[in-house]
Amino acid sequence: TIKESLINYIYRDNSTINTYDSRLYDYINNWNGLIKFYNSHKLYNKYKDELEYCYIRYVYATFIKGATKFPYNEYRKAVNIAINNVHKYFPNYKKNKYFNNSLKNIYLLHFNKFFANILYLKNKIKR
């Protein structure tokens, strides 16, 4: 491990993650494509834990957070798509060795439609 941060995020007000934009669904499509790539190259089993952990973080955190910018009906659709994809590709993700007891991981491990609604309301109040 290293103590140096090697990623620097730049947030732009007009980025896909900060506006209502159907391209946000590309997060899920891209991750599903990565899963297929790893399967087709016989690498999936070797990296399953890492793929699973990253998939859950991006779908339940980045994608869902971005979807809070959507109108409520579209947000509900996005939540359903996220949950369905997680259950399709990683039905047992809660057993993943990379999940620890950090607050973010607790959110990811217990994500459901109820928490999704709270997140949507929280982000609407914040604006």
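Preceding block: the structure.
What counts as what
Residues numbered from 1 in each chain as written. Predicted model: local features only at pLDDT ≥ 70, side-chain atom pairs only at ≥ 80, totals over all residues. Heavy atoms only, no water. Helix = DSSP H or I, 4+ residues; strand = E, 2+ residues; numbered from the N terminus. Buried < 20%, exposed > 50% of the residue type's maximum accessible area, 1.4 Å probe, protein only. Contact = heavy atoms within 4.5 Å. Areas by Shrake-Rupley, 256 points an atom, 1.4 Å probe, with all protein chains shown as cover. Core = buried A, V, L, I, M, F, W, Y, C linked by side-chain atoms within 4.5 Å. Patch = residues over 30% accessible without salt bridge, like charges linked within 9 Å, V, L, I, M, F, W, Y side chains within 5 Å. Salt bridge = Lys/Arg side-chain N within 4 Å of Asp/Glu carboxyl O. Lys, Arg positive; Asp, Glu negative; His and termini not counted. Charge placed at Lys NZ, Arg CZ, Asp CG, Glu CD. Axes fitted to C-alpha atoms, helices over the stretch in contact; angles between N-to-C directions. Parallel < 35°, antiparallel > 145°, perpendicular 65-115°, else oblique. Nonpolar A, V, L, I, M, F, W, Y, C, P; charged D, E, K, R; others polar.

Side note on the overall build of the chain
Scanning the chain from terminus to terminus reveals five helices and zero strands. The 127 residues of the chain split such that 35% are buried. Looking at the chain alone, contacts between residues at least 24 apart form 71% of all its contacts between residues at least 6 apart. Accessible area for the chain stands at about 8,800 Å²; split by element, carbon and sulfur atoms hold 55% of it.

A closer look at the nonpolar core
By size, the foremost hydrophobic cluster in this structure holds 33 residues, and its most contacted members are Tyr55, Ile56, Tyr60 and Tyr75. Mapped by element, the contributors of at least two residues to this core are helix 1 (26-40), helix 2 (44-67), helix 3 (72-89), helix 4 (103-109) and helix 5 (113-126). Apart from residues lying up to four places away in sequence, tyrosine 60 is in contact with Ala82, Ile83, Val86, Tyr93, Tyr107, Leu108 and Phe111.

So, a nonpolar patch on the surface
Judged by side-chain polarity, Phe114, Phe115 and Ile118 come together as a nonpolar surface patch covering roughly 300 Å² of accessible area. Tracing the sequence through the fold places phenylalanine 115 in helix 5. Note on phenylalanine 115: relative accessible area 34%, which makes it partly exposed.

Some points on a positive patch on the surface
Judged by side-chain charge, Arg57, Lys65, Lys104, Lys122 and Lys126 come together as a positively charged surface patch. At the level of elements, helix 2 and helix 5 are the ones that each hand at least two residues to the positive patch. Structurally, lysine 122 is set in helix 5.

A closer look at the packing of helix 2 against helix 3
The geometry of a pair of packed helices is captured by two quantities: the angle between their axes and the separation between those axes. Across the interface, helix 2 lies against helix 3 with an axial gap of 10 Å and an inter-helix angle of 170 degrees. On the basis of the axis angle, helix 2 is roughly antiparallel to helix 3. In this structure, helix 2 contributes Tyr44, Tyr55, Ile56, Val59, Tyr60, Phe63, Ile64 and Ala67 to the contact, and helix 3 contributes Tyr75, Ala78, Val79, Ala82, Ile83, Asn85, Val86 and Tyr89. Along the lines of polarity and charge, the residues of the contact of helix 2 with helix 3 split into 15 nonpolar, one polar and no charged.

Looking at the pattern of salt bridges
Inspection of every chain in the model, using the stated rule, returns three salt bridges. Between glutamate 52 and lysine 48 there is a salt bridge, with the nearest N and O atoms lying 3.0 Å from each other. One end of the pair, glutamate 52, and the other, lysine 48, are both in helix 2, four residues apart, so they sit about a helical turn from each other. We classify lysine 48 as partly exposed; its relative accessible area is 30%. For the salt bridge of lysine 97 with aspartate 49, the shortest nitrogen-to-oxygen distance reads 3.9 Å. With lysine 97 in the loop between helix 3 and helix 4 and aspartate 49 in helix 2, the pair connects residues that are 48 residues apart, well separated along the chain. Judged by relative accessible area, aspartate 49 falls into the partly exposed class, the value being 26%.

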